[in-house]
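# Notes for the structure review
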Amino acid sequence: MTIVAARIDGRLIHGQVANLWTTKLNISRIMVVDNDIVNNDLEKTGLKLATPAGVKLSILTEEKAATNILAGRYDSQRLLIVARRPDRFLSLIEKGVTIPELNVGNMSQSSETRSVTRSVNVVDEDIVAFDAIQGHGTKIIHQMVPNDSAQDFMSLLNKVR
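The paragraphs below set out a description of the structure included in this document. (Residues numbered from 1 in each chain as written. Predicted model: local features only at pLDDT ≥ 70, side-chain atom pairs only at ≥ 80, totals over all residues. Heavy atoms only, no water.)

## Observations concerning unusual backbone geometry
Note the threshold: Secondary structure elements are taken from DSSP: a helix is a run of H or I of four residues or more, a strand is a run of E of two residues or more, and numbering for both begins at the N terminus. Burial here depends on accessible area, computed with a 1.4 Å probe over protein chains only, as a share of the maximum for the residue type. Under 20% is buried, over 50% is exposed, and the range in between is partly exposed.
A positive phi is found at Leu12, a non-glycine position, where the angle reads about 60°. Take Leu12: it is sitting in the loop between β1 (3-9) and α1 (15-24). The class of Leu12 is buried, set by a relative accessible area of 1%. Even without glycine at this site, Asn26 takes up a positive phi of about 55°.

What follows is the structure in structure tokens.
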């Protein structure tokens, strides 16, 4: 199986993911992992429209995503997994999916969040999930676009604990 990249991005598929990351990494399939979007036809339509031509799209629950990945359904493809929050990736890892590196791209600000970077804001549950993900051996980085230098995300996170 070829998971080329895994990215947290609250916007899911948008300019940076659809154009920059997909092109740079030669992605053949984008997998959105979100238990709620699976049942939201409007959001699914928006994601389909944002997906670049020639790139396949899967919108799956955490359970179905893990099952499909572990069954080898994407072994011949270059897969980019995108989700809004770290708990989705923790769920995949706990179900047996190996994610060597996780890129934290964009997590929106709200009244409950703490700012880690200009574009990454977390709540306490996110911090717990990031700690657990790192505990499973996944390297966590922050890189908005391919031309940016990757930063060690946990070092950034430790400054706001």
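Resuming the write-up.
## Examining the side chain of Ser91
Defined as follows: Distance and chemistry together define a polar contact, namely a pair of N or O atoms within 3.5 Å, with one atom able to donate a hydrogen and the other to accept it when in protein, and with adjacent residues in sequence counting only for side-chain atoms on both sides.
Structurally, the position occupied by Ser91 is in helix α4 (residues 86-94). A polar atom in the side chain of Ser91 sits 2.9 Å from the side chain of Glu62.

## Some points on the sheet that holds strand β4 (residues 79-83)
Counted only if it meets this: Note on pairing: two strands pair once DSSP finds at least 2 bridges between them. Contact definition: two residues touch when any of their heavy atoms are within 4.5 Å. An axis is simply a line fitted to the C-alpha atoms; with a helix, the fit covers only the stretch in contact. Between two such axes, the angle follows the N-to-C directions and lies from 0 to 180 degrees.
Read from one edge to the other, the open sheet built from 7 strands follows the order β3-β2-β4-β1-β5-β8-β9, with strand pairing classed as mixed. The sheet is open, and its two borders are formed by β3 (56-60) and β9 (151-152), each paired with just one other strand. Here strand β2 (residues 29-33) pairs with β4 via 4 bridges, running parallel. Residue pairing across strands places Val32 opposite Val82, the latter belonging to β4. In the packing of α4 onto the sheet, contacts are made with β1, β2, β4 and β5 (101-106), and the angle to β4 comes to roughly 130°.

## What to know about the nonpolar core
Rule in force here: Here, the term nonpolar core denotes a set of buried Ala, Val, Leu, Ile, Met, Phe, Trp, Tyr and Cys residues that are joined through side-chain atoms within 4.5 Å.
One finds Met31, Ile81, Phe89, Leu92, Phe130 and Phe153 to be the most contacted residues of the largest nonpolar core, which totals 34 residues. Mapped onto this core, the elements with two or more residues apiece are β1, β2, α3 (62-70), β4, α4, β5, α5 (124-135) and α6 (153-158). Not counting residues up to four positions away in its chain, the partners in contact with Leu92 are Val33, Glu62, Ala65, Ala66, Ile81, Val97 and Ile99. By size, the runner-up hydrophobic cluster in this structure holds 16 residues, among which are Trp21, Ile37, Ile59 and Val82.

## Quick notes on the packing of aromatic side chains
Selection criterion: Here a Phe, Tyr or Trp ring, Trp counted by its six-membered ring, pairs with any other such ring whose centre lies within 6.5 Å, and the pair is stacked when the planes are under 30 degrees apart, edge-to-face when over 60, and tilted otherwise.
Applying the stated criterion across every chain yields a total of 1 aromatic pair. On the numbers, 4.7 Å between centres and 50° between planes, the contact of Phe130 with Phe153 is tilted. Taken together, the residues Phe130 in helix α5 and Phe153 in helix α6 connect sequence positions 23 residues apart. You'll find Phe130 and Phe153 in the same group, each marked buried.

## Focus: α1
The set of residues buried in α1 consists of Gln16, Val17, Ala18, Trp21 and Thr22. Among the structural elements, β1, β2, α2 (41-50), β4 and β5 are those in contact with the buried residues of α1. Two residues or fewer past α1, Asn26 is found with a positive phi of approximately 55°.

## Overview of the environment of Tyr74
Tracing the chain through its elements places Tyr74 in the loop between α3 and β4. Judged by its relative accessible area of 3%, Tyr74 is buried. Once residues within four sequence positions are removed from consideration, Tyr74 is found in contact with Thr2, Arg29, Met31, Ser58, Leu60, Asn68, Ile69 and Leu79. One polar contact links Tyr74 to Asn68, side chain to side chain, over a distance of 3.0 Å.

Geometric descriptors of this kind do not, in isolation, establish any biological role.
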